[in-house]
Amino acid sequence: MTPELAMIPELADILLASAFSLTASSVLAALLLPLLQKTLRNSRPQQQSRLLMLYALLPWVVTFWVVFLLMNPGLTGALHSAHCHGQLCGPHVPDVSSSSLTGAVLAGVVSALLLFALLLFNHQLRRGRQRLASVDLLSTAGSTPSNEATIPDFRLIHSPLPLAWCAGLWRPRIYLSSALQQQLTPQQSAMVLLHEHCHLLCRDNLRKFLLYWASLLWLPKARKALQEQFALNCELQCDAYVTRQGYAPEELATLLQQLLPQTDMATQASGVRIQALLPEKQITTGSSADGWLLLVLLLCAQVALFSHWLHPLLDTLFL
């Protein structure tokens with residue numbers, strides 16, 4: 001048997017182990033999301049968004065280490081689960097796909113799903129680039145008022161709708177509609193553009209895109225809550241950026257109230273943003289240490305648990 005053919009059973013075992021570990025860890029992360037939210041209640045928006053992103057990536061990190069230890073059983077140490085296959089006892093790499101037709105078929109199904117996900121991922125990227133190219137063709141370079149030198153560069157698109165957004169993953173740009181520019185004062189336009197500029201600096205579009213795909217196997221309700229909380233923290237972080245540029249929080253709150261009936265901003269999210277800008281409702285600056293501790297504990301516990309039980313589980317199901 002050629003080395004290439006000899007690698008096929010090992011790759012199939014890796015796919016099976018990854019699928020089980022990633023699914024179990026994703027479900028567990030979804031169920032424990034309310035616990036993380038409690039630990040982040042008094043943290044800054046920037047800290048919350050960072051920890052939420054890491055929490056979404058946690059199942060992938062767990063899966064990497066679980067599969068790495070599974071395929072290198074000599075490194076598992078006390079995590080090794082004692083079980084036997086006839087004369088073969090002690091730590092060894094699983095051999096499920098080559099010994100079980102069911103395991104081989106399931107590995108093929110996992111491969112097909114992975115290929116479909118990659119094609120869908122590529123399709124979404126290509127469609128996003130096409131849309132951005134179309135918007136660029138319909139827009140022109142925006143002009144900044146002479147008395148507002150701090151306004152970032154933006155593209156102006158002629159539209160009767162009041163719109164302002166940051167588009168693009170790798171090289172994001174800021175877009176403003178002519179309708180919105182006409183109804184805002186130069187100072188208000190500056191606040192809107194600085195808010196979008198913060199989205200650009202923080203790469204929020206790319207982070208939301210990664211969060212969307214990282215949480216693909218989460219339970220639907222928890223996944224929606226994760227995305228909504230992450231998006232809200234991005235907005236709060238950008239609002240804080242605007243006020244750090246010298247604009248009064250009350251002025252920004254007034255602008256948000258003015259734009260609320262005209263835009264597609266979620267009422268609840270906008271209400272939280274407006275309340276956060278009021279002096280008596282300023283967000284507390286608590287520590288995120290509890291959130292970091294929870295992430296570390298979940299990482300260590302899942303790696304230990306899955307590394308101990310995954311090999312016997314695969315054997316029980318397929319051998």
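As a starting point, this report considers the structure included with it.

The biggest cluster of nonpolar side chains holds 37 residues, and the ones touching the most others in it are Leu33, Leu36, Leu52, Tyr55, Trp218, Leu226 and Leu314. Of all the secondary structure elements, the ones that give two or more residues to this core are helix H1 (3-31), helix H2 (33-39), helix H3 (45-71), helix H7 (204-214), helix H8 (220-244) and helix H11 (289-318). Looking at this core element by element, the count peaks at 12 residues for H3. When near neighbours in sequence (up to four residues on either side) are disregarded, Leu36 contacts Leu52, Tyr55, Gly291 and Leu294. With 24 residues, the next largest nonpolar core counts Ile174, Leu180, Ala253 and Ile274 among its residues.

On to the side chain of Arg223. Tracing the chain through its elements places Arg223 in helix H8. Here Arg223 sits buried without a salt bridge, and the closest side chain of opposite charge, Glu228, lies 12 Å off (N-O distance). Here Arg223 is in contact with Tyr212, Ser215, Leu216 and Trp218, once residues within four sequence places are set aside.

This part takes up the sheet that holds strand E5 (residues 164-167). With mixed pairing, the 4 strands of this open sheet are ordered in space as E3-E4-E6-E5. Because the sheet does not close on itself, it has two edges, and the strands there are strand E3 (139-141) and E5. Ignoring strand direction, the axes of neighbouring strands in this sheet form an average angle of 30°. Bridge count between E5 and strand E6 (residues 173-177): 4 bridges; the pairing is antiparallel.

The next thing to look at is the packing of aromatic side chains. Within the structure shown, the criterion is met by 9 aromatic pairs. Plain terms: the ring middles of Phe64 and Trp65 are 5.3 Å apart, the flat faces sit at 80° to each other, and that makes the pair edge-to-face. An aromatic cluster is present here, built from Phe121, Phe209, Tyr212 and Trp213 joined pairwise through their rings. Across the ring face of Tyr212, the terminal group of Arg223 is positioned such that the distance to the ring centre comes to 4.4 Å.

Quick look at the pattern of salt bridges now. Two side chains with opposite charge may pair up if their charged atoms get near one another. Taken as a whole and judged by the stated rule, the model has 4 salt bridges. For Asp204, the salt bridge is made with Arg207, and the minimal N-O distance between the two is 2.6 Å. Of this pair, Asp204 and Arg207 both sit in helix H7, separated by 3 residues, roughly a single helical turn. In this pair, the class of Asp204 matches that of Arg207, namely buried. Residues Asp239 and Arg273 are paired through a salt bridge, measuring 2.8 Å at the closest nitrogen-oxygen approach. Of this pair, Asp239 sits in helix H8 while Arg273 sits in helix H10 (residues 267-277), and the two are 34 residues apart along the sequence. Here Arg273 falls in the buried class, since its relative accessible area comes to 7%. Here the salt bridges share partners, and the residues they tie into one network are Glu235, Asp239 and Arg273.

The rules behind each value
Residues numbered from 1 in each chain as written. Predicted model: local features only at pLDDT ≥ 70, side-chain atom pairs only at ≥ 80, totals over all residues. Heavy atoms only, no water. Core = buried A, V, L, I, M, F, W, Y, C linked by side-chain atoms within 4.5 Å. Buried < 20%, exposed > 50% of the residue type's maximum accessible area, 1.4 Å probe, protein only. Helix = DSSP H or I, 4+ residues; strand = E, 2+ residues; numbered from the N terminus. Contact = heavy atoms within 4.5 Å. Lys, Arg positive; Asp, Glu negative; His and termini not counted. Salt bridge = Lys/Arg side-chain N within 4 Å of Asp/Glu carboxyl O. Pairing = 2+ DSSP bridges. Axes fitted to C-alpha atoms, helices over the stretch in contact; angles between N-to-C directions. Phe/Tyr/Trp six-rings, centres within 6.5 Å; stacked < 30°, edge-to-face > 60°. Lys NZ or Arg CZ within 6 Å of the ring centre and 35° of its normal.

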